[in-house]
Amino acid sequence: MNTYRLSVDEVAMALSQMDEADLARSLLAASSAGELTAEQAGGRLLAAGHSLIARDLLDVDSNGVVRVSPELAAIVRPLAHADFVLRLSRSDGGPEAIRSFLFAGNDVIQHD
């Protein structure tokens, strides 16, 4: 099993390249303290894109077409199109620990 650690901005960048622009915008807005301008969102997505490219999870071809790697697509797609989600939480007086399992077709993604 592969483990990936992705920032909210990286997930939003992947979603934006997978025809999920509205969901990407909502994710960025929800992770911001206050209003997020188009310039701020663009800067965050640009930085996230660079991070994903550095890890070979995103590619830009010679024509400027951005492609999400199959590995990243397999992780992010269930976030947008899960058949169902099982969410577990535990609190023992400290911070709540949350683990979610997203089920999409035959894929199961664990999210901590």
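Scroll up for the structure.
In this report, the structure presented in the accompanying data block is examined.

Criteria and cut-off values
Residues numbered from 1 in each chain as written. Predicted model: local features only at pLDDT ≥ 70, side-chain atom pairs only at ≥ 80, totals over all residues. Heavy atoms only, no water. Helix = DSSP H or I, 4+ residues; strand = E, 2+ residues; numbered from the N terminus. Buried < 20%, exposed > 50% of the residue type's maximum accessible area, 1.4 Å probe, protein only. Lys, Arg positive; Asp, Glu negative; His and termini not counted. Salt bridge = Lys/Arg side-chain N within 4 Å of Asp/Glu carboxyl O. Contact = heavy atoms within 4.5 Å. Pairing = 2+ DSSP bridges. Core = buried A, V, L, I, M, F, W, Y, C linked by side-chain atoms within 4.5 Å. Expected span 1.5 Å × (residues − 1). 1 Å grid on protein atoms, 1.4 Å probe; cavity = no way out; pocket = protein on both sides within 12 Å on 5 of 7 lines; lining within 4 Å. Points joined across faces, edges and corners; volume = space filled by probe spheres on them. Nonpolar A, V, L, I, M, F, W, Y, C, P; charged D, E, K, R; others polar.

1. Here's the deal with the side chain of Glu-20
Assignment of secondary structure puts Glu-20 in the loop between α1 (8–16) and α2 (21–30). Buried charge without a salt bridge: Glu-20, with Arg-77 as the nearest opposite-charge side chain at an N-O distance of 7.4 Å. Once residues lying within four places of it in the same chain are set aside, the contact partners of Glu-20 are Leu-15, Ala-80 and His-81.

2. A closer look at the pattern of salt bridges
Under the counting rule described, the total for this entry stands at five salt bridges. The salt bridge partner of Glu-10 is Arg-55, with a shortest N-O separation of 2.4 Å. Highlighted residues: Glu-10 in helix α1 and Arg-55 in the loop between α3 (38–54) and β1 (58–60), separated in sequence by 45 residues. Since its relative accessible area comes to 35%, Arg-55 is described here as partly exposed. The salt bridge involving Asp-112 is made with Arg-99; its shortest N-O contact spans 2.6 Å. Highlighted residues: Asp-112 in the segment after β5 (107–111) and Arg-99 in strand β4 (residues 97–104), separated in sequence by 13 residues. Asp-112 sits in the exposed class, given a relative accessible area of 58%.

3. A look at the pairing of β5
Bridge count for β4 against β5 is five bridges, and the pairing is antiparallel. When the bridges of β5 are listed, Ser-100 appears paired with His-111.

4. So, the nonpolar core
Here is a general trend for soluble globular proteins: nonpolar side chains tend to be buried in one another's company. Counting residues in each nonpolar core, the largest one holds 18 residues, and the members touching the most others are Met-13, Leu-52, Val-68, Leu-72 and Val-76. For this core, the secondary structure elements donating two or more residues are α1, α2, α3 and α4 (70–81). Per-element tally for this core: the top contributor is α1, with five residues. If we ignore the near neighbours within four places in the chain, the residues touching Val-76 are Val-11, Ala-14, Leu-15 and Met-18.

5. What to know about α4
Taking 1.5 Å of rise per residue, the 12 residues of α4 would be expected to cover 16 Å, and the 16 Å separating its terminal C-alpha atoms lies within 8% of that figure. Taken as a whole, α4 has its buried residues at Leu-72, Ala-73, Ile-75, Val-76 and Pro-78.

6. Things to note about the layout of surface pockets
Size it by volume and the largest pocket reaches roughly 900 Å³. In terms of lining residues, the largest pocket is bounded by 25 residues, among which Tyr-4, Ile-75, Ile-109, Gln-110 and His-111 are the most central. Looking at the lining of the largest pocket, the elements that each hand over two or more residues are α1, α2, α4, β4 and β5. Considering every element that reaches the lining of the largest pocket, the biggest residue donor is β5, with five residues. Among the residues making up the lining of the largest pocket, the classes are represented as 15 nonpolar, six polar and four charged.

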